[in-house]
Amino acid sequence: MVKHCDSADDWEERKERIIGLGERSFHKSYYPQLKQNLDRLERFHTLLDHTSDFVVLVTLPDGLITDANAAFGRLIGKPVEALIGKSFESLGLGADAVKVLDILHRDMVFRRDPRQLPNHSVITKYDTNNTFIWLDLSFRIAVLDGDCYGVMVGRDVTERKRNEEMMTALLTEKAALLDNALVGIISVKDRRIISCNRRFEEMMGYTPGSAIGHSTRILYESDETFTSFGTEAYRALNLGLQFAATIMLVRANGEPFWCELTGRAFDSENPEKGSIWIFTDVNDRKLAEDRAVFLSHHDTLTELPNHQLLKDRLEQAIMLADQGHNVIALMVIDIDRFKTINDSLGYGIGNQLLIDVAKRLKGCVREIDTVSRQGGDEFILLLPNLPNPDNCVTLVGELMAQISQPFFIMDKELALSVSVGIALYPDDGNDFESLMKKADMAMYRAKSAGRNTYRFFNEEMNDEATEQLNISVGLRKALENNQFQLYYQPQLKIRGGALIGAEALIRWNHPEFGMVSPARFIPVAEESGLIIPIGDWVMQEACREVVKWAQAGMKNPVVAVNLSALQFTHGDIEDSVARAIRDSGIAPEMLELELTESIMIRDTENVLATVKRLKSMGVRLSIDDFGTGYSSLSYLKRFAVDKLKIDQAFIRELVTNQDDAAIVRAIIQMACSLGLRTIAEGVETADVLDKLKLYRCDEVQGYYLGRPMPADDFMAYLLRHLGGLNSAD
Ligand code: C2E
Ligand code: MG
Ligand code: MG
């Protein structure tokens, strides 16, 4: 009878071949050709075991079960293994099911191509010992290695069948069912409630009879849901289908709740003229489900994203960072001595404290950042898309300052501090595990350094960060303690060598570090916004100084002042310039503003308007470090600047580097054709000066002609220069 199975061994082997797993005690090594496929099959098997549909595989034509999934095992209340080799008929799925398999097999023998066979479906009543349930079974044929199998996929449709029965009862006016039903029932005509049962009124909160006659609009939260739900539902009813959906409705008192709705038309040709609707209150179930989904990604206490969600977000951030060449920071934040608080004040206060800390941390970060709690007193911050690792130094300072503010919990004032470890992507690692490990190690270093501090995983970043912090703390006091000083570097005409004036260059006389270069502290001042008052001071001071040069006998002296982009975007630069001119009493053309290309490129229209107003005040404008940015000629024309200051990077090797020479010549020619003057900065040798003369550059500045010097020295330089010129006259 069993055509393909000549022996027990043969039988085992076939089972292996077909389903890869058989009775789950197979020997992979026997079938090397199948090895690769086994993993896939195993995964597929696991998947099948997780679906709620029943799946049964039967050999044909003998009708023996070769496998079934876990859902089927649960249905019949037996382990799946016990079914293998039993006949399909013995399952008790009804004569129709057995017949369908038979028909399918016969068709198969006849046509030889299973893909041409239709999918047969059977609705059957199944006896599960104590109750009957309805099953919807569908059958297909599959051919594996020349052998023929029947595949049955089924599902429990008892609920649907009951609803249908109820509908049929209602449609055939067995209305006695109505009031005793456990679900709410209404009949509707032209979207008005014609009749309803008691349960419906209870569920919706209407007094007996009060809902009758109303539009079904009263059941919905808004006109939009009423309209869109209606369109969708009546379209289905019109096709002769039953319509089912889970939707948020509102009770008579306005309270929203989740409801399962099933509707059917009396006449599908004309569903608006009569339909029946069944309401099941599924609010508790739906909320519990939603909550379960939320909790699977969040921490129960603080409701912050949990480990899994953080990991997902980090992986996304890494993909984006790779596209944009940005940095990601992962910070582990551990509360110092939290255990003491927990032990001495109790878990209630400890928990409340964690909730409050979570809130403060969230208050410190951007919308795109993630604050996560991994359990215990440890929080993790994910900061994607950082243009620069230095950005997290400012944040960690802000965050520690916030945490150090006292917490008030149940009449208690608590002081906290945190230890923070920081790891950066891509420098410290390129996946979640390695970044977490490194941030953790850094956090332990912060702890052992005495707590209430932070550490980068990368030691170099630590040194840089400490210096940056020292600078930014010191900068706040530098202005009031008069620690700034302006140096002046001469600017001269290349033809004849007349002194035009000087560029004012700021110096910081730090009580500890000595003279600090602006290259070091200007970026920090920009980040903290301190550049605005500092820039204001520079403007005032430079204008006061140029007055002295005029008094000393210099004709039309000009002082050049550097401007930062931030002064343009956040400060009131016009006001600052106007005040400096007014207070010092200079002619506006004695002041020259050095703008960088980065100022011009950013937010062009506003900048353009500001530059135009500055220009109309009479001050001069030049573009500093020209050639390093991306200004186009059209920009320069629109901004109406007076002078281009060629960046020293092109000047330094002017004599030896052909490329630099070509660039400088091109800049000078271009400037000349636009009617702009040129000044070369960084002139260190006579050779360079000669070359610039040859190229017809207008002005020069550099160590060869004079280093930046304190105001008094510059005055001496100026007097010498005037004297020199006078004696030469
Ligand atoms: P910058 O405006 O391009 O200034 C020129 C820099 O080159 C100055 O450095 C100057 O000392 C240096 N330098 C001049 N001649 C030579 C030379 O022949 N050889 C070499 N190797 N270097 C030369 P410094 O004073 O350190 O200033 C650096 C930058 O700091 C300035 O670049 C400017 O962007 C900024 N800065 C300086 N003072 C201020 C200020 O008051 N406000 C603002 N916003 N930025 C300032
Ligand atoms: Mg400059
Ligand atoms: Mg420059």
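Each remark here, short or long, concerns the structure printed above.
## Description of helix H11 (residues 338–345)
Step number 1: Within the sequence span of H11, burial applies to Phe338, Ile341 and Asn342. Looking straight down H11, one finds its buried side chains confined to an arc of 95°; they lie on one side. Facing away from the buried side of H11, by more than 90 degrees, are the exposed residues Lys339, Asp343 and Ser344.
Step number 2: Here the buried face of H11 lies against strand E11 (327–335) and helix H12 (347–364).
Step number 3: Positive phi appears at glycine 346, one or two residues downstream of H11, with a value of about 100°.

## Points about the coordination of the magnesium ion (ligand 2)
Step number 1: At this site the magnesium ion (ligand 2) is bound by Glu503 (OE), Asn562 (OD1), Glu594 (OE) and Asp624 (OD), with donor distances of 2.0 to 2.2 Å.
Step number 2: For the magnesium ion (ligand 2), the single-chain donor residues occur in sequence as E-x58-N-x31-E-x29-D.
Step number 3: In this structure, the magnesium ion (ligand 2) lies 4.0 Å from the magnesium ion (ligand 3), and both are coordinated by aspartate 624. Of the two residues, glutamate 503 sits in strand E19 (residues 499–510) while asparagine 562 sits in strand E21 (residues 558–562), which places them 59 residues apart along the sequence.
Step number 4: Assessed through its relative accessible area of 4%, glutamate 503 is described here as buried.

## Comments concerning the site of ligand 1
Step number 1: Neighbouring ligand 1 are 22 residues, the closest being Gln489, Asp624, Gln648, Glu684 and Tyr703.
Step number 2: Within the side chain of arginine 507, an N or O atom sits 2.9 Å from an oxygen atom of ligand 1.
Step number 3: Relative to its unbound accessible surface of 790 Å², ligand 1 loses 83% to contact with the protein.
Step number 4: The cavity where ligand 1 resides is the largest pocket.
Step number 5: At the level of elements, E19, helix H16 (518–528) and strand E23 (620–626) are the ones that each hand at least two residues to the shell around ligand 1.

Cut-offs applied
- Residues numbered from 1 in each chain as written.
- Chains lettered and ligands numbered in written order.
- Predicted model: local features only at pLDDT ≥ 70, side-chain atom pairs only at ≥ 80, totals over all residues.
- Heavy atoms only, no water.
- Buried < 20%, exposed > 50% of the residue type's maximum accessible area, 1.4 Å probe, protein only.
- Helix = DSSP H or I, 4+ residues; strand = E, 2+ residues; numbered from the N terminus.
- Arc of directions from axis to C-beta.
- Contact = heavy atoms within 4.5 Å.
- Donors = N, O, S within 2.8 Å, 3.2 Å for Na, K, Ca; no water.
- Near = heavy atom within 4 Å.
- Polar contact = N/O pair within 3.5 Å; in protein donor to acceptor, adjacent residues only side chain to side chain.
- Areas by Shrake-Rupley, 256 points an atom, 1.4 Å probe, with all protein chains shown as cover.
- 1 Å grid on protein atoms, 1.4 Å probe; cavity = no way out; pocket = protein on both sides within 12 Å on 5 of 7 lines; lining within 4 Å.
- Sits in = over half its atoms within 2 Å of the grid points.

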